[in-house]
Each structure stands twice: as structure tokens, then as C-alpha cells.
Amino acid sequence: NAGVTQTPKFQVLKTGQSMTLQCAQDMNHEYMSWYRQDPGMGLRLIHYSVGAGITDQGEVPNGYNVSRSTTEDFPLRLLSAAPSQTSVYFCASSKPRTSGLQSSYNEQFFGPGTRLTVL
Amino acid sequence: AQRVTQPEKLLSVFKGAPVELKCNYSYSGSPELFWYVQYSRQRLQLLLRHISRESIKGFTADLNKGETSFHLKKPFAQEEDSAMYYCALRSGGYQKVTFGTGTKLQVIP
């Protein structure tokens, strides 16, 4: 299993450009989330999804869109990039559909991150 | 609203010294708490969770509901413990996980 994968690893955008950060997981997880990591601010939840077709806003959703058309994929879209969106973005997944251990439901598995710079 | 506070941005200790990374939380319900670790150039990964009451790599953490704390402890620090540590709280809303700002642990040889 590849686990959680993210592409690209690095990206530089100009203000106003749009792009999509890709996230995929092959662990049959129901829950997926996007976080941004900024110095001194830890990880902040942008959007999350509890299943295909269901998404909700996190702590810092403005400027970002998401969709969840399949269980495996959870792309994050920046419609008009701004310098304030310069950050490292992490995708995470959790809650396998079938598991013998209740405690395993809530461990999040993270992707390697995408480092985004907006000029 | 739920909140996780990690008061120390950086904690430097000598090899062999005890380590305590502080985490305090505010949440009106019954929380589920985690410690995640990020080693240099590696992805974030789960270290331990309070419901398991486990010891991982010599680390333990006890949930103290009276003090609303979930401090991470290790009796003897090792160089390979140097990393960024995040305390996290999961509320009843499943994937609404709130992370603290993180503490960088630096173990000095």
C-alpha cells in the first residue's frame, strides 16, 4: 500500500493563479482532511470529508475548495492564489470502513506534504 | 470551541535527562487526545493516544481531566527523540481534530 500520497511536492504560483493539490489514499479510509502547517501556528484544518460526496469546512476554509467524488481522492483547489496561502499542506485520512479495533478508527495517516509558495 | 495549547515552542534537554512536553486543552465534552511526531524530513505520524494507555519509544502520556492536561513524558531522552511534537484533540465530530502549535524537542548529545 502506498498509504496517503500527495502531488506535487513543491509548487510556486503567482498571485491570482489557480491550482489543485492532489491527495489520494489506498487504505479504504472514509475520512480525509486537509491541513496547512505554518510556523508558530501548528496544523490548522482547512476542509474535511467523512465520505464520498460529503465535505465540510474546518478552521481556515476561505480561499479553498474541495470535493470528494470517490473514496480514494480528495483534491484541494486554490481558486485565486494569494501570498497568505504560502504554506505546507498536508492531507490525512482515517477510519477504515472495516476494522476489528475501535481505537484504530481515529488514528490519522498523513501524506508527505506539498510546499506551496505564492509570489 | 476546543483548543489545544502547547506553551513551549522549543525544548532543549541533554541526552539522558527527563523530558516533559506540555499540552493543555479546553473542551466541554469528553476528549480523545493524541500525540503526533514529525521527525526531520519525514511525515507526521501518530506517537500515542490516551485511550490506549500505551508506552511508545519510552514515551507515556496521562490524561488529567482535572488539570485538562495531556503531558508527554520520557524518563531518559535520546538523540533520536529530536523532532517536532504535536498534541491533538479529537472531538465528537469525528474528523474535527485540533492540533496544538507544536513543540520542537532538541536533545543535546
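What counts as what
Residues numbered from 1 in each chain as written. Chains lettered and ligands numbered in written order. Predicted model: local features only at pLDDT ≥ 70, side-chain atom pairs only at ≥ 80, totals over all residues. Heavy atoms only, no water. Helix = DSSP H or I, 4+ residues; strand = E, 2+ residues; numbered from the N terminus. Rg over C-alpha atoms; globule rule 2.2 N^0.38 Å. Buried < 20%, exposed > 50% of the residue type's maximum accessible area, 1.4 Å probe, protein only. Contact = heavy atoms within 4.5 Å. Areas by Shrake-Rupley, 256 points an atom, 1.4 Å probe, with all protein chains shown as cover. Lys, Arg positive; Asp, Glu negative; His and termini not counted. Charge placed at Lys NZ, Arg CZ, Asp CG, Glu CD. Pairing = 2+ DSSP bridges. 1 Å grid on protein atoms, 1.4 Å probe; cavity = no way out; pocket = protein on both sides within 12 Å on 5 of 7 lines; lining within 4 Å. Points joined across faces, edges and corners; volume = space filled by probe spheres on them. Nonpolar A, V, L, I, M, F, W, Y, C, P; charged D, E, K, R; others polar.

K.L.:
Run through the overall build of chain B, naming residues and quoting values.
P.N.:
Counting its regular elements, chain B contains zero helices and 11 strands. Ordered by position from the N terminus, the helices and strands of chain B form the series β-β-β-β-β-β-β-β-β-β-β. Compactness check: chain B gives a C-alpha radius of gyration of 13 Å against a globular reference of 13 Å for 109 residues, within 12% of the reference. With the C-alpha coordinates aligned to their principal axes, the bounding extent of chain B is approximately 40 × 30 × 25 Å. Counting the 109 residues in chain B, one finds 46% classified as buried. Put simply, 57% of the contacts in chain B that link residues at least 6 apart link residues at least 24 apart. Surface exposure of chain B reaches about 5,600 Å², of which carbon and sulfur atoms provide 49%. When the 15 positive and 9 negative side-chain charges of chain B are each reduced to one mean point, those points stand 7 Å apart.

K.L.:
An account of the environment of B:S30 is requested, with residue identities and associated values reported.
P.N.:
Residue placement: B:S30 occurs in the loop between β4 (24-26) and β5 (32-38). Separated by 35 residues in the primary sequence, B:S30 and B:K65 place their C-alpha atoms 9.1 Å from one another.

K.L.:
With reference to specific residues and values, describe the pairing of β5(B).
P.N.:
All names here are of chain B. Taking burial as the measure, the seven residues of β5 include seven buried ones, the bulk of the element. Here β5 shows two buried faces, one formed by E32, F34, Y36 and Q38 and the other by L33, W35 and V37. Judged from the four bridges that link them, β5 and strand β6 (residues 45-49) form a sheet pairing that is antiparallel. The residue of β6 that forms the bridge with W35 is L48. Turn length for the β5-β6 hairpin, with the two strands adjacent in sequence and antiparallel, is six residues, and the turn residue R41 shows positive phi of about 65°.

K.L.:
Could you give an account of the layout of surface pockets, with specific residues and numbers?
P.N.:
Put simply, the largest pocket is a space of about 710 Å³. As for the largest pocket, its lining consists of 23 residues, and the residues nearest its centre are A:Q37, A:F90, A:R115, B:Q38 and B:R41. Listing elements by their share of the lining of the largest pocket, those giving two or more residues are β4 (29-38), β9 (87-96) and β11 (114-118) of chain A together with β9 (83-90) of chain B. Among the residues making up the lining of the largest pocket, the classes are represented as eight nonpolar, nine polar and six charged. In terms of lining residues, the second largest pocket is bounded by A:M41, A:L43, A:R44, A:E59, B:A1, B:Q2, B:R3, B:V4, B:T98, B:F99, B:G100 and B:T101. Grouping the constituent residues of the lining of the second largest pocket by class yields five nonpolar, four polar and three charged.

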